[in-house]
Amino acid sequence: MPRQLVKTHIALIGCVCLCLLGYLSWFESQAQQASAQTARLDFDSPDSLAVVVNKTRPLADPAYIPAELHDAGGVLLRPEAAGAFGQLSAEAAAAGVGITAVSGYRTAADQAHIHESYSASYGAPTADGISARAGHSEHQTGLAVDIGNADGSCALEPCFETTPAGAWAAANAHRYGFVIRYPAGATTITGFAYEPWHLRFVGTELAAELHETGQTLEEFAGFPPAPSY
Ligand SMILES: [Zn+2]
């Protein structure tokens, strides 16, 4: 092989190695940033926007009441969530999509009442799949809102995803800090049936991350699946 060609080959190999090293260190720093973000978030305190409440993680205080609640289209939410919901519904309306707030903050007693009434109507196993027991509901944090269409179509039903409000929320809610907390196909992780109407406020940074990766809060936080109590 001519000497010049050998030199070119060596230079090329060196270049590839440098690129690979550069990519690996970039990849490592991205992974470190992601785990640093996970470590920074508080998944335990009911006051945290990142709190993870599910069937195996009840609220630390079963009688928790948010310090402040604001009106958000006729329901009550924590101030951060109420402000974001106001922006979300205003922008949806500007795009010709009417989004209403059907249910927001619920007290532990409200939640117990809902669960008992579902249990009486459908039996306990079905009730557990569609509503949380008291102390295990995101609605008690003041960070969850059930949304609906202005005309009430497909209210609290899986077909909500095909309605204007459902489709708009699925595509845009993360821009306002909300995620669809109980996605389709994740019942064995979240413990709840698909609820395209149940939006959970987590802040724009975490919402963007969850929207992009398709992860549930449990997966993102590294918690085990919570299919049952
Ligand atoms: Zn809900």
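Structure shown above.
Given the structure is predicted, the values throughout are model-derived calculations rather than measurements. (Residues numbered from 1 in each chain as written. Predicted model: local features only at pLDDT ≥ 70, side-chain atom pairs only at ≥ 80, totals over all residues. Heavy atoms only, no water.)

### So, the overall build of the protein
If you tally the helices and strands in the protein, you get eight helices and six strands. Going residue by residue from the N terminus, the α and β elements of the protein occur as α-β-β-α-β-α-α-β-α-β-α-β-α-α. The buried share among the 229 residues of the protein stands at 40%. Within the protein, residue pairs in contact and separated by at least 24 positions form 68% of the contacts whose partners lie at least 6 positions apart. (Helix = DSSP H or I, 4+ residues; strand = E, 2+ residues; numbered from the N terminus. Buried < 20%, exposed > 50% of the residue type's maximum accessible area, 1.4 Å probe, protein only. Contact = heavy atoms within 4.5 Å.)

### Description of the packing of aromatic side chains
Summed over the entire model, instances satisfying the criterion amount to six aromatic pairs. Look at F178 and F201: their rings are 5.2 Å apart centre to centre, the planes differ by 65°, and that puts the pair in the edge-to-face class. Pair noted here: F178 is in strand β5 (residues 178-180) and F201 is in strand β6 (residues 198-201), with a separation of 23 residues, a long-range link. One aromatic cluster is present, built from ring pairs that chain together F43, F220 and F223. The lysine or arginine in question, K55, covers the ring of F192, its NZ or CZ lying 4.5 Å from the ring centre. (Phe/Tyr/Trp six-rings, centres within 6.5 Å; stacked < 30°, edge-to-face > 60°. Lys NZ or Arg CZ within 6 Å of the ring centre and 35° of its normal.)

### Points about the sheet that holds β5
What the four strands build is an open sheet, ordered β3-β4-β6-β5; its pairing is antiparallel. Because the sheet does not close on itself, it has two edges, and the strands there are β3 (99-103) and β5. Averaged over all neighbouring strand pairs, the angle between strand axes comes to 45°, with direction disregarded. As judged from the three bridges shared by strand β4 (residues 144-149) and β6, these two strands associate in the antiparallel manner. (Pairing = 2+ DSSP bridges. Axes fitted to C-alpha atoms, helices over the stretch in contact; angles between N-to-C directions.)

### Some details on the pattern of salt bridges
For the coordinates displayed, the defined rule picks out eight salt bridges. For D128, the salt bridge identified is with R133, shortest N-O distance 2.8 Å. With a relative accessible area of 12%, D128 lands in the buried category. For R133, a relative accessible area of 34% puts it in the partly exposed group. R200 serves as the salt-bridge partner of E138, at 2.7 Å between the closest nitrogen and oxygen. Taken together, the residues span a long stretch of sequence, with E138 in the loop between α4 (124-130) and β4 and R200 in strand β6 at a distance of 62 residues. Taking the relative accessible area as the measure of exposure, R200 reaches 0% and is therefore buried. If you follow the salt bridges from partner to partner, you end up with E138, R181, R200 and E218 in one network. (Salt bridge = Lys/Arg side-chain N within 4 Å of Asp/Glu carboxyl O.)

### Some remarks on the coordination of the zinc ion
Around the zinc ion, the protein contributes the donor atoms H139 (NE2), D146 (OD) and H198 (ND1), which lie 2.1 Å from the metal centre. The sequence pattern describing where the donors of the zinc ion fall on their chain is H-x6-D-x51-H. Here D146 is found in strand β4, whereas its partner H198 is found in strand β6, with 52 residues between them in sequence. Just as D146 is buried, H198 falls in that class too. (Donors = N, O, S within 2.8 Å, 3.2 Å for Na, K, Ca; no water.)

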